[in-house]
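# Architecture and fold: a report
Single-letter residue listing:
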Amino acid sequence: MRIVTWNINGVRQLLARPQSELFPDQSPKEPTPQVGARITSTISDVFDALHCQVLCVQETKVGRAQLTRDIALTDTIDSYFSFTQRATSIGAMRMGYSGVATYLNRDVPVLGAEDRLLNGDRAAKLNDQLFLPAIGLPPDLDLEGRSMVLDLDVLVLINLYCPSDRDDPARSAFKLAYHELVLCAVTDLLHRGQEVLLVGDLNVTRDVLDHCDPFAHMTDVPDGEPERVSAFRNQPTRQWMSRLLALGLVDVYRELHPAIPGFTCWNTLTGARASDFGTRIDYVLASPKIMRLVRACDRLPDVLGSDHCPVYVDLDWPAVDTPNAPGAALPLSSRTFPEFRLQQASLHKWLTAKPSRESRRDTNDGADGGCKPPLPLVKRAIQKPAAPKQIKLTQFVARRQGRMAPSGSGLVMELIEKQQVTLQPHDDQFQDDQQQSDQQQQQQQRQIQKQQWEGLLKGRSNPLCRHGEPCKQWTVNKPGPNQGRRFWLCARPVGPKSTTLTEFRCEHFEWDQNATARTGPS
């Protein structure tokens, strides 16, 4: 049994990309795209490429109204979605925010499903925590679609997406409260004797090894190395991670790869994925009994489509005696959604299911008991009167001969009828030559204008970095006095800092002196 966790950063954008972009090492040998067609991947394609039976995804960014059948399920794959009921803003709610989903083959038994962690008992326990009595439990703590809990008989699978704070005090408090909810839920399951497998994006780097630059964002960093490591580990989110592991859960990847960083998330803007300069925030945590079933656990950094990569765990799945009945599905399964269960009736069935009012009237009132032919289904187009044809010159002259025709018109008539006078049309060749000449002049004028604008807008060429390579231009987006201002950096991917020149980005920095480039406040 292979279980995969992956923050996909939007299920619709993921499946809209060709399979060759998501899995470049497994692209079809003989692709046959149709001209003008949009090649898309399917859930079955993802399952086949990842060789998995269960797929836990985070940040689906899709609401119930936006979910379509081709995204939700196939004939052999079920899904369980946790939708966002509250977002940080109206725009985020409309565009899609948070959300998790668990896809699994239909032959995997599912005995229960919950799309949230919070219930009455856990709420009471949380309110007893030391930091919560003063403020109480946030009422919207479990409404952002961040968890899906499935009872798979052998274990309870928790698909989790923890919030990030992004230097926002309000979101930092929300994150800490949500961490306490996760801790409470796992404790509750373990105390009931359940085996737990927790997977997902926890938005926490557990230790120094899990971060490419662990002390970069710390304030008041101590001078000594042990002191800095201690300060790093004492951050509130890492203390929560330590408490979670203290319950008995095992960090499966770190257990099997104690010395490999194993980054799972990178900054795509700086090209950090190419240099593997990132963080490990996607985890597989297992209770001790499940840890004994683990055969392998690793990341898949070559799988693209998101700023995260998938992480998989292979288990020796024991045989179970309670397989899903054919067609059976729990209430939270997407297969039970009415919009996916209803089948559209054919036009023939819809028309023949209930006879029309005219047909019933004709049947009851007919003298011989027969039925008149039904009305045509498609209305005939209203025929407009044909436009009058253009009359001949001889007919026109003849009509006006007795009224307004000038003297000599009879002679014109006779000459036309005797074909002694031929009416010459306009010189078409002259018109074509004139039109072609005008087009050439317009094209030349546009080319001159283009060259003038290019000369006006063209700034100096890209400056060279310390590697002697052209720099890449960036723009300041952070609010402040330099917002909108452009600058130049080395175009190579970011990597570990060094005092010497390396294969990664050098320290070259230069403001763009082009005054017209600035679009932000002065």
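Residues numbered from 1 in each chain as written. Predicted model: local features only at pLDDT ≥ 70, side-chain atom pairs only at ≥ 80, totals over all residues. Heavy atoms only, no water.

## Regarding the pattern of salt bridges
Here is the rule we go by: For this analysis, a salt bridge means a side-chain nitrogen from Lys or Arg found within 4 Å of a carboxyl oxygen belonging to Asp or Glu. Only runs of H or I of at least four residues qualify as helices and only runs of E of at least two qualify as strands under DSSP, and these elements are numbered from the N terminus. Three labels apply to residues, based on accessible area from a 1.4 Å probe with only protein chains included: buried if under 20% of the type maximum, exposed if over 50%, partly exposed otherwise in between.
Applying the stated rule across the entire model yields 21 salt bridges. For R106, the salt bridge is made with D78, and the minimal N-O distance between the two is 3.7 Å. Within this pair, whereas R106 is found in the loop between β4 (100–105) and β5 (112–114), its partner D78 is found in strand β3 (residues 77–82), the two being separated by 28 residues in sequence. R243 serves as the salt-bridge partner of E180, at 2.8 Å between the closest nitrogen and oxygen. Of the two residues, E180 is situated in helix α7 (residues 169–191) and R243 in helix α9 (residues 236–246); the sequence distance between them amounts to 63 residues. Accessibility expressed as a relative area gives 37% for R243, which makes it partly exposed. Ionic contacts of the salt-bridge type, sharing partners, join the residues R206, D210, D251, R254 and R280 into one network.

## So, the side chain of R273
Stated precisely, the cut-off is as follows: Positive: Lys, Arg. Negative: Asp, Glu. His and the chain ends are not part of the count. What qualifies as a polar contact is a pair of N or O atoms within 3.5 Å, subject to a donor-acceptor requirement within protein and to the restriction that residues adjacent in sequence count only when both atoms come from side chains.
Within the secondary structure, R273 sits in the loop between α10 (252–256) and β10 (282–286). Buried charged residue R273 carries no salt bridge. Nearest counter-charge: D302, at 7.0 Å. A distance of 2.7 Å separates a polar side-chain atom of R273 from the backbone oxygen of V303.

## Notes on the environment of F23
The criterion, for reference: Contacts were defined at the residue level, with two residues in contact if any of their heavy atoms lie within 4.5 Å.
Among the structural elements, F23 can be located in the loop between α2 (19–22) and α3 (43–50). For F23, the residues in contact, after removing those within four places along its chain, are D45, V46, A49, L50 and V303.

## Notes on the state of the cysteines
Disulfides are covalent bonds that connect the sulfur atoms of two cysteines. Cut-off, in case you're wondering: Here, the term disulfide refers to a pair of cysteine sulfur atoms separated by no more than 2.5 Å.
Applying the stated criterion across every chain, the model contains 0 disulfides. The thiol sulfur of C265 is not disulfide-bonded, and the nearest other cysteine sulfur, from C309, lies at 8.9 Å. Since its relative accessible area comes to 13%, C265 is described here as buried.

## Here we look at the pairing of strand β2 (residues 54–58)
Note the following rule: Pairing between two strands is assigned when DSSP locates at least 2 bridges connecting them.
When you tally the buried positions in β2, you get 5 out of 5 residues, the bulk of the element. Judged by which residues are buried, β2 turns out to be covered on both faces: V54, C56 and Q58 on one side and L55 and V57 on the other are all buried. Direction of pairing for strand β1 (residues 2–7) relative to β2: parallel, over a ladder of 5 bridges. What sits directly across from N7, in β2, is Q58. Relative to β4, β2 runs antiparallel, the two sharing 5 bridges. When the bridges of β4 are listed, C56 appears paired with T102.

## Focus on the pairing of strand β14 (residues 486–489)
As paired strands, strand β13 (residues 472–475) and β14 are joined by 4 bridges and run antiparallel to one another. Opposite T475, over in β14, you have R486 as the bridge partner. Relative to strand β15 (residues 509–511), β14 runs antiparallel, the two being bridged by 3 bridges. Looking at the pairing, W488 lines up with E510 of β15.

## Here's the deal with the sheet that holds strand β9 (residues 250–251)
We count it as follows: Every axis corresponds to a line fitted to the C-alpha atoms, with the helix fit spanning only the stretch in contact, and the corresponding angles, defined between N-to-C directions, vary from 0 to 180 degrees.
Ordered in space as β5-β6-β7-β8-β10-β9, the 6 strands form an open sheet in which the pairing is mixed. This sheet does not close on itself; its edge strands, each paired only once, are β5 and β9. Where β5 and strand β6 (residues 147–151) come together, 3 bridges link them in antiparallel fashion. The residue of β6 that forms the bridge with A113 is L150. Packing against the sheet, α7 makes contact with β6, β7 (156–161) and β8 (196–201), and its axis sits at approximately 175° to β7.

## Focus: the sheet that holds β13
Strand order in this open sheet of 3 strands is β13-β14-β15, and the pairing throughout is antiparallel. The sheet is open, and its two borders are formed by β13 and β15, each paired with just one other strand. Here the average twist between neighbouring strands, direction ignored, is 30°.

What is shown is where atoms sit, not what they do.
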